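As a plain string of letters, each chain reads:
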Amino acid sequence: MARARKSLALAAIFVAALTPAFADEAPSPMPTPFIPRGKGDHCVRDNAFMRRYHMVMLKAQRDDTVHEGERGGDFSIKACVTCHAVNGSDGQPVGYSDPKHFCRSCHAYASVSIDCFECHSSKPSLKAKAAEAAPPPDDGDVAALNAYLREARP
Amino acid sequence: MTPLIRDEDRPGHDRRGFLRAAGAFAATVLAPGVTLYAFGAPGDSAAAPGAPASSAKRWGMLIDVSKCGDGCVACVTACKEENGWGESGDPRTGAQWIRKVSIRDPKTGWSADLPLMCQHCADPPCAEVCPTGASFKRADGIVLVDKHICIGCRYCMMACPYKARSFVHEPIDDQKPNAPRGKGTVESCTLCVARVDAGLKPACVDACSAKAGGAMMFGDLNDPGSDIAKAVKAKASAAIRSDLGLDPGVRYQNL
Amino acid sequence: MKTRFRTLTDHSGLFWAMIATNVVFLALGLAAALFMESHGHIVTGMSNSIVWGLPHVFAVFLVVSASGALNVASISSVFNRLAYKPYARLSGVLAVALLAGGLSVLVLDLGRPERVFIAMTHNNFRSIFAWNIYLYSGFVTIVATYLFSMMDRGASRSAAFGKGVAWTAFVWRLALTTGTGSIFGFLIAREAYDAAIMAPLFIAASFLYGLSFTVAVLLTMTRETREELMDGEMISKFSGLFLIFSLTVLFLTAIQYLTRFYSPAHRGVELFLLWNGGVYPLVFWIGQILVGTLLPIAILLHSRTRERGPAALMLVSVLFLFGGLCQFYVIIIGGQAWPLDIFPGLVASSSFGDGAVAQYFPTVPEALLGISGVALAMLLVALAIRVLPFVPVVRPSASTGTPA
């Protein structure tokens, strides 16, 4: 808990530092990573949130799933690799060993190594491929957010 | 919907509190610069996440040794297929989540074949000795390795009385999505935890009923109405190495 | 009596050669660890049956010796034997160095060594392993404080402080070795372990092998400083300690094996380790008992040992250390080679080696990794004595005259 809080605090500091740079979507002379589009219209959360917190959320859900047996949360690594599957030249989804893999393209760009795929499959399962890929898009609900924030305030 | 914003918090789950705080933190920092519509999306209340493992249940298995065929490996094959192990040809270093053991009484000549895997002890010695808590028992009695925090010390393998655990000796690729496994960590039978959480039976049990003698039964030992609870009540069953007092969830009949 | 201490910066060719050898072995060990890390444990002789191999033999041997290396310091400041005081500092440095060597090997042999920090952030306190993490890191802190209490001008004036730290270190190291022995003692499922005697046996072993390391290092320093760091009186004192410690280890080993002989169910593993187990009885009888125990005892008892002095004592130390490695080889590897008795009274067989003795052939990388632990420990000592005054200055006439 304390550790997770600390890493969250750290993440927040990073966000505070980076927010203006990233919020500005105007073209910049900086090289950008190749980011393939995912299936559907939206990710499980908006892009800004996902960019900053996907790892925090994945970790939190991973502990819930592995230890508590809670399944069906939004932040599942299986869902990531399913929606964001990129097909190779053979028409089959590529794995993390391919530089085109969604996770790899960005993590290589940011020079952040991950070891998720030393154990996890980096390709969609055969069953998932057939199923409908995209979750329903999220809509902003400022009232709910405000209510939530009021409730969550210590 | 996500646990992040659920209103009806279950008591005793501080993780929830933490995640709420996490959300609040993120929101306050993000809000000025970014459109934030992550919280309280209307579609969220529709799908409920899977119910967590409950201590009201005790998943168990009953194996009727008299129905287990000599040389039949349907359960082993099904497990390999389901969980994606068995890639190594070397029996010394390759994974063995489940194996067939032949036993013989040298005095009487009686012999039998039986499948042996993690016995999902109520008091698992592996979890007891694990320095990081990577080996643990779920509330519903399933003993697992959290490979995210397994450091590969292999003390659990020293402690397990059933030799039920394997160490991944080589880098592996093409894992099954439901069975993550990787080099340098310890693994064992998970009772097909992803299937069980989805309301299915372990792959070995299904394979045994479909292709073999139907020697394996799976169910909730705590539910008096379940087949397995009735079966263990009707006829004597035994735990392997019951002298150790570990109260395994896997029991054997006609052993 | 006031002893002066010095640093050791002016090395002989032989000493440089020893340092170079250790650097080479350390580099080889690190390369081996990297090789094991990238290929997995498939490049070692370890398997799903022999899960702990040669690196663990070295690691346990070094960790056990580390606690024993503190003997000399404890004898001087806990039991007030002033004759040992000049060697107390070196004994403390050696203890920390040996522990560092052993732990490095242990960590580099993990399946995921890069995750070692998880062992600090996630702790399961029902595990003796988790306790050991704190016993080990506490040991380093306490011995460092102990050294401070001996070496700092201000701190060394406070007898109470010195005494307090000395006692803490003494109790702590007994706890540490108890913890290490209990790693094996608490394994209920394995016939070769699962015995409370593991803790006292490991403590006795730590006294013997720790003293052997201390004496071997002291004699090397003697050669280096060209001063008699150990006069005849000290040689006979150390010889006496060697005798007591080695006989204690021998006695506890005898009890360890005899207890198991009493239970018919355990006779199989007993015969395996002592008689028909191939390499293990050989390592036990020839390595541990004959060469590693009886031979050095005979040398110690021989009347001319005192005359031959340092050379004989050096040989004795090396022999005891060899015996120690053999002892842990038989305990760790031999104990795992004997199959688990999953179906007592029945004969079992399977594709997974049930009911069959497990084979283990150590490979070069794991041997190099193990040896590099010793190399690291020795290099740390060499570095420490260059930087701080750990080595006593003893005049050749020290036993008769008044030291400076």
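Just so we're clear, the structure is a prediction, and the values are computed from it rather than from any experiment.

Definitions and cut-offs
- Residues numbered from 1 in each chain as written.
- Chains lettered and ligands numbered in written order.
- Predicted model: local features only at pLDDT ≥ 70, side-chain atom pairs only at ≥ 80, totals over all residues.
- Helix = DSSP H or I, 4+ residues; strand = E, 2+ residues; numbered from the N terminus.
- Buried ≥ 20, exposed ≤ 12 C-beta atoms within 10 Å, placed from the backbone.
- Contact = placed C-beta atoms within 7 Å.
- Expected span 1.5 Å × (residues − 1).
- Nonpolar A, V, L, I, M, F, W, Y, C, P; charged D, E, K, R; others polar.
- Pairing = 2+ DSSP bridges.
- Axes fitted to C-alpha atoms, helices over the stretch in contact; angles between N-to-C directions.
- Left-handed = near helix turned anticlockwise from the far one by under 90°.
- Parallel < 35°, antiparallel > 145°, perpendicular 65-115°, else oblique.
- pLDDT = per-residue confidence, 0-100.

Enquirer: Describe in detail the overall build of chain C, supporting the description with residues and values.
Expert: The helix and strand tally for chain C stands at 14 helices and 3 strands. Taken along the three principal axes of its C-alpha coordinates, chain C extends 70 × 50 × 45 Å. Out of the 404 residues belonging to chain C, those deemed buried represent 51%. The contacts of chain C with a sequence gap of at least 6 include a subset with a gap of at least 24, amounting to 77%.

Enquirer: Let's hear about the overall build of chain B: which residues, and what values?
Expert: Broken down by element type, chain B carries 7 helices and 9 strands. Within chain B, contacts between residues at least 6 apart in sequence are counted, and of these 60% link residues at least 24 apart.

Enquirer: So, helix 4 (residues 88-108) of chain C: which residues are in play, and what are the values?
Expert: The end-to-end C-alpha distance of helix 4 of chain C is 31 Å, a good match for the 30 Å that 21 residues give at a rise of 1.5 Å each. Burial analysis of helix 4 of chain C places 20 of its 21 residues in the buried class, which makes it a mostly covered element.

Enquirer: How would you sum up the interface of chain B and chain C? Please name residues and give values.
Expert: When the parts of a complex come together, some accessible area is lost, and that lost area is often taken as the interface size. Counting residues at the interface gives 44 residues for chain B, matched by 37 residues for chain C. Looking at the side of chain B that touches chain C, the element that brings in the most residues is strand 2 (residues 98-104) of chain B, giving 6 residues. Residue composition of the side of chain B that touches chain C, grouped by class: 23 nonpolar, 10 polar and 11 charged. Here strand 2 of chain B pairs with strand 2 (residues 347-350) of chain C via 4 bridges, running antiparallel. Among the inter-strand pairings, Val-101 of chain B is bridged to a residue of strand 2 of chain C, identified as Ser-350 of chain C.

Enquirer: Outline the environment of Val-105 of chain C, listing residues and values.
Expert: Residues and elements named next belong to chain C. Mapping Val-105 onto the fold places it in helix 4. The class of Val-105 is buried, set by 30 C-beta atoms lying within 10 Å. Ignoring anything within four residues of it in the chain, the contact list for Val-105 reads Pro-55, Phe-58, Ala-59, Leu-62, Leu-369, Gly-370 and Gly-373.

Enquirer: Break down the sheet that holds strand 2 of chain B for me, with residues and values.
Expert: As summarised here, the arrangement of the 3 strands in space is 3(B)-2(B)-2(C), forming an open sheet in which the pairing is antiparallel. In this open sheet, the two edge strands, each paired with only one partner strand, are strand 3 (111-117) of chain B together with strand 2 of chain C. For this sheet, the mean inter-axis angle between neighbouring strands, taken without regard to orientation, is 30°. Strand contacts of helix 2 (residues 74-83) of chain B: strand 2 and strand 3 of chain B, with the helix running at about 160° to strand 2 of chain B, the strand carrying the most contacts.

Enquirer: Can you tell me about the environment of Lys-163 of chain C, naming the residues and giving the values?
Expert: Locating Lys-163 of chain C in the fold gives a position in helix 7 (residues 159-185). What makes Lys-163 of chain C partly exposed here is the crowd of 14 C-beta atoms within 10 Å.

Enquirer: Outline the packing of helix 4 of chain C against helix 8 (residues 198-225) of chain C, supporting the account with residue identities and numerical values.
Expert: All names here are of chain C. Running from N to C, helix 4 and helix 8 point in directions that differ by 120°, and their axes come no closer than 10 Å. Both helix 4 and helix 8 take part in a crossing whose hand is right-handed. Of the residues in helix 8, those in contact with Leu-90, Ser-91, Leu-94 and Leu-98 of helix 4 are Phe-213, Thr-214, Val-217 and Leu-218. Residues of the contact of helix 4 with helix 8, tallied by class, amount to 6 nonpolar, 2 polar and no charged.

Enquirer: Any chance you could break down the packing of helix 2 (residues 54-69) of chain C against helix 14 (residues 364-387) of chain C for me, citing the residues and the numbers?
Expert: All names here are of chain C. At a minimum axis separation of 7 Å, helix 2 and helix 14 run at an interaxial angle of 20°. Of the possible angle classes, the one that applies to helix 2 and helix 14 is roughly parallel. At the point where helix 2 passes helix 14, the crossing takes the right-handed sense. For the pair helix 2 and helix 14, the contacting residues are Leu-54, Pro-55, Val-57, Phe-58, Ala-59 and Leu-62 in the first and Glu-366, Ala-367, Leu-369, Gly-370, Ile-371, Gly-373, Val-374 and Ala-377 in the second. Split into classes, the residues belonging to the contact of helix 2 with helix 14 amount to 11 nonpolar, 2 polar and 1 charged.

Enquirer: If you had to explain the sheet that holds strand 8 (residues 216-220) of chain B to someone new, which residues and values would you point to?
Expert: All names here are of chain B. Read across the open sheet, the 3 strands follow the order 8-1-9; overall the sheet is mixed. Single-partner strands in this sheet number two, and they are strand 8 and strand 9 (250-253). Mean inter-strand twist for the sheet, computed between neighbouring axes without regard to direction, equals 20°. Relative to strand 9, strand 1 (residues 59-64) runs parallel, the two being bridged by 4 bridges. Bridge pairing in strand 9 places Asp-64 opposite Gln-253.

Enquirer: Requested: an account of unusual backbone geometry, with residues and values cited.
Expert: The backbone of Ser-111 of chain A shows a phi angle near 55°, a positive value even though the residue is not glycine. Note on placement: Ser-111 of chain A falls in the loop between helix 4 (102-110) and helix 5 (126-130). The class for Ser-111 of chain A is exposed, based on 6 C-beta atoms found within 10 Å. Of note in the backbone geometry, Asp-247 of chain B takes a positive phi value of approximately 50° without being a glycine. With respect to the helices and strands, Asp-247 of chain B occurs in the loop between helix 7 (227-234) and strand 9.

Enquirer: I'd love a proper account of the pairing of strand 1 of chain B, names of residues and values included.
Expert: All names here are of chain B. Most of strand 1 is tucked away, with 6 of its 6 residues classed as buried. A two-sided burial pattern is seen for strand 1, the buried positions comprising Trp-59, Met-61 and Ile-63 on one face and Gly-60, Leu-62 and Asp-64 on the other. As paired elements, strand 1 and strand 8 share 5 bridges and run antiparallel to each other. Residue pairing in the sheet places Trp-59 in a bridge with Asp-220 of strand 8.

Enquirer: Which residues make up the environment of Thr-108 of chain B, and what are the values?
Expert: Residue and element names in this part refer to chain B. Mapping Thr-108 onto the fold places it in the loop between strand 2 and strand 3. Judged by the 7 C-beta atoms lying within 10 Å of it, Thr-108 falls in the exposed class. For the pair formed by Thr-108 and Cys-160, sequence separation is 52 residues and the distance between their alpha carbons is 29 Å.

Enquirer: Could you give me a rundown of the confidence of the model for chain C, with the residues and numbers involved?
Expert: Detailed reading of predicted coordinates is not advised where the pLDDT is low. Taken as a whole, chain C shows an average pLDDT of 93; of its residues, 96% reach a score of 70 or greater. Per-element mean pLDDT across chain C ranges from 67 in helix 12 (residues 305-308) of chain C up to 98 in helix 2 of chain C.

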